[in-house]
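Structure at a glance
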Amino acid sequence: DAKKSGKNQYKYFTQSLQDQVNYEMSMEADLRQALQTDAFELYYQPQIELRTQKVVGVEALIRWNHPTKGTISPLEFIPAAEKNGLIVKLGYWILETAIRQQTAWLKANVGSLKMSINLSAHQLNDPQFEKFFLNLMKETEAAPQNIELEMTESVLLEDSNDNLSLIKKLRATGIRIALDDFGTGYSSLSYLKRLPINTLKIDKSFMDDYDTNTGAIFIETMVNIAKTLNIKVVAEGIETLHQVNYLAAIHCQKYQGYYGSRPLNAQAFEIWLQEYNQKHFAMDSQSQTSA
Ligand code: C2E
Ligand code: MG
Ligand code: MG
Ligand code: MG
């Protein structure tokens with residue numbers, strides 16, 4: 001009996017391994033095709049300053065418009081693209097699209113919005129990265145203080161490939177570095193002192209617990225330490241007005257989440273922003289014109 005089930009297990013194992021190989025191969029072919037056919041699109045989610053309620057920036061979040069599967073989440077294909085190396089090429093497309101969008105919105109008076117862009121470790125390890133990025137900044141004439149690169153602590157702490165010295169070099173040009181998903185990895189508060197970061201993004205999992213005693217203590221400790229170190233804080237995954245009021249009360253700088261807006265494509269974001277500004281600041285612009 002044991003022999004029989006052992007045999008079955010072996011069969012299941014090889015079958016699922018084969019499934020995985022098939023999945024990875026078709027995913028890679030699909031991703032290559034998508035890169036060639038412009039099937040990716042950046043969505044933008046507003047970052048809102050709590051003190052003023054102003055939309056001060058956006059985070060670029062990639063979407064894949066698949067011809068048969070519909071919109072595919074980055075959670076599904078970014079890990080695959082990291083594994084097969086396509087993230088490098090895709091990452092260059094993301095950087096270029098997001099930074100050009102930032103300057104386009106500035107020129108079109110949509111707004112001077114900080115553009116936050118997610119970065120994978122593989123991208124930094126590519127020998128062309130520094131040159132590509134600096135050329136792009138020069139060519140687009142984007143203001144460096146309006147460009148923020150988001151990385152998780154695993155990217156920042158991986159010193160095998162000298163990520164830190166590259167990040168310091170990039171930061172010296174005036175761009176900003178954000179530590180993403182803070183609290184979910186090996187996070188130690190002491191990293192905050194060592195890492196060259198300008199912004200701390202508190203992960204949604206912490207914000208979900210804001211209304212418990214320990215939850216609030218964690219959040220307030222992070223906000224206070226960041227303040228001491230002159231690091232800005234963005235609270236992620238904010239879905240309710242209660243959370244917004246809480247964050248304002250503890251002097252957190254910014255929030256991001258469905259309560260502001262879900263991520264939207266460029267065109268939908270422009271419409272959303274116009275409506276948001278009308279709703280919140282229409283009185284201001286009236287008094288300005290009548291003054
Ligand atoms: P992230 O960088 O931490 O992005 C935040 C994620 O939380 C986004 O998921 C966003 O849509 C989602 N989110 C925002 N507000 C709320 C909320 O109020 N409630 C809930 N439930 N979720 C909220 P998304 O767009 O699916 O992206 C998932 C992850 O995929 C990102 O996490 C990031 O790690 C990665 N990713 C997305 N775009 C890129 C990219 O262009 N490059 C790289 N390397 N990674 C990316
Ligand atoms: Mg992010
Ligand atoms: Mg995050
Ligand atoms: Mg994440």
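Residues numbered from 1 in each chain as written. Chains lettered and ligands numbered in written order. Predicted model: local features only at pLDDT ≥ 70, side-chain atom pairs only at ≥ 80, totals over all residues. Heavy atoms only, no water.

As annotated in an unreviewed UniProt entry, the chain is cyclic-guanylate-specific phosphodiesterase from Thiosulfativibrio zosterae.

Details of the coordination of the magnesium ion (ligand 3)
Here is the rule we go by: Coordination here is defined by N, O and S atoms within 2.8 Å of the metal (3.2 Å for Na, K and Ca), and since water is not considered, a site can look incomplete. To qualify as a helix, a DSSP run of H or I must reach at least 4 residues; to qualify as a strand, a run of E must reach at least 2; elements of each kind are numbered from the N terminus. Here's how the labels work: a residue is buried when its accessible area is under 20% of the maximum for its type, exposed when over 50%, partly exposed in between, all with a 1.4 Å probe on protein chains only.
In this structure, Asp180 (OD), Asp181 (OD), Glu236 (OE) and Glu236 (OE) serve as the protein donors to the magnesium ion (ligand 3), at separations of 2.0 to 2.4 Å. All donors of the magnesium ion (ligand 3) belong to a single chain; written as a sequence motif, their spacing is D-D-x54-E. The two metals, the magnesium ion (ligand 3) and the magnesium ion (ligand 2), are separated by 4.1 Å and share Asp180 as a common coordinating residue. You can see Asp180 sitting in strand S6 (residues 176-182) and its partner Glu236 sitting in the loop between strand S8 (232-235) and helix H11 (241-249), a full 56 residues away along the chain. Take Asp180: its relative accessible area is 8%, and that puts it in the buried class. On the basis of relative accessible area, Glu236 is assigned to the buried category, the value being 13%.

A closer look at a nonpolar patch on the surface
As a reminder of what qualifies: Patch membership is restricted to residues that have no salt bridge and whose relative accessible area is over 30%. Joining uses 9 Å for like charges and 5 Å for the nonpolar side chains Val, Leu, Ile, Met, Phe, Trp and Tyr. In short, Shrake-Rupley with a 1.4 Å probe defines the accessible areas, and a residue's cover is counted only from the protein chains shown. Take a side-chain nitrogen of Lys or Arg and a carboxyl oxygen of Asp or Glu: if they are within 4 Å of each other, that pair is a salt bridge.
On the surface, Leu17, Val21 and Met25 cluster together into a nonpolar patch covering about 280 Å² of accessible area. In this fold, Val21 is placed in helix H1 (residues 2-36). According to the relative accessible area criterion, Val21 is partly exposed, its value standing at 36%.

A few points about the pattern of salt bridges
Under the defined criterion, the tally for this structure stands at eleven salt bridges. Between Arg176 and Glu148 there is a salt bridge, and its shortest N-O distance comes to 3.2 Å. Residue Arg176 is located in strand S6, and its partner Glu148 is located in strand S5 (residues 147-151); the two are separated by 28 residues in the primary sequence. Accessibility expressed as a relative area gives 0% for Glu148, which makes it buried. For Lys204, the salt bridge goes to Asp208, with nearest N and O atoms at 3.0 Å. Residues joined in a network through salt bridges with shared partners are Glu59, Glu150, Lys201 and Glu236.

Regarding the nonpolar core
Side chains of a nonpolar character, in soluble globular proteins, are inclined to be buried together. Convention followed: Here, nonpolar core refers to any group of buried Ala, Val, Leu, Ile, Met, Phe, Trp, Tyr and Cys residues whose side-chain atoms link them within 4.5 Å. We call two residues contacting when some pair of their heavy atoms lies within 4.5 Å.
Of all hydrophobic cores here, the largest spans 83 residues; its most connected members are Phe77, Phe133, Leu149, Leu247 and Phe269. With sequence-adjacent residues up to four places away left out, Phe269 is seen in contact with Tyr44, Pro46, Val55, Val58, Trp105, Leu113 and Leu264.

Quick notes on the site of ligand 1
This is how the line gets drawn: It suffices for a single heavy atom of a residue to lie within 4 Å of a molecule or strand for the residue to be listed as near it. Under this definition, polar contacts are N or O atom pairs within 3.5 Å; protein pairs additionally need one hydrogen-donor-capable and one acceptor-capable atom, and for neighbouring residues in sequence, both atoms have to be side-chain atoms. Ten residues, namely Ala, Val, Leu, Ile, Met, Phe, Trp, Tyr, Cys and Pro, are considered nonpolar, four, namely Asp, Glu, Lys and Arg, are considered charged, and the remaining ones, Gly among them, are considered polar.
Around ligand 1 sit 22 residues in total, of which Arg63, Asn118, Asp180, Glu239 and Tyr258 are the nearest. A distance of 3.1 Å is found between a nitrogen atom of ligand 1 and a side-chain nitrogen or oxygen belonging to Ser120. Taking 800 Å² as the accessible area of ligand 1 by itself, protein coverage stands at 83%. A total of four residues in the shell around ligand 1 trace back to one element, the largest contributor, which is strand S2 (residues 55-66). The class makeup of the residues in the shell around ligand 1 is nine nonpolar, six polar and seven charged.

Section: the coordination of the magnesium ion (ligand 2)
Every protein donor of the magnesium ion (ligand 2) is accounted for by Glu59 (OE), Asn118 (OD1), Glu150 (OE) and Asp180 (OD), and the metal-donor separations fall at 2.0 to 2.2 Å. If you list the donors of the magnesium ion (ligand 2) from N- to C-terminus, the spacing comes out as E-x58-N-x31-E-x29-D.

Quick word on unusual backbone geometry
One non-glycine residue, Asn109, lies in positive phi territory at about 60°. Structurally, Asn109 can be placed in the loop between helix H3 (87-107) and strand S4 (114-118). The backbone of Glu141 sits at a positive phi, close to 55°, despite the residue not being glycine. Along the chain, Glu141 falls in the loop between helix H5 (129-140) and S5.

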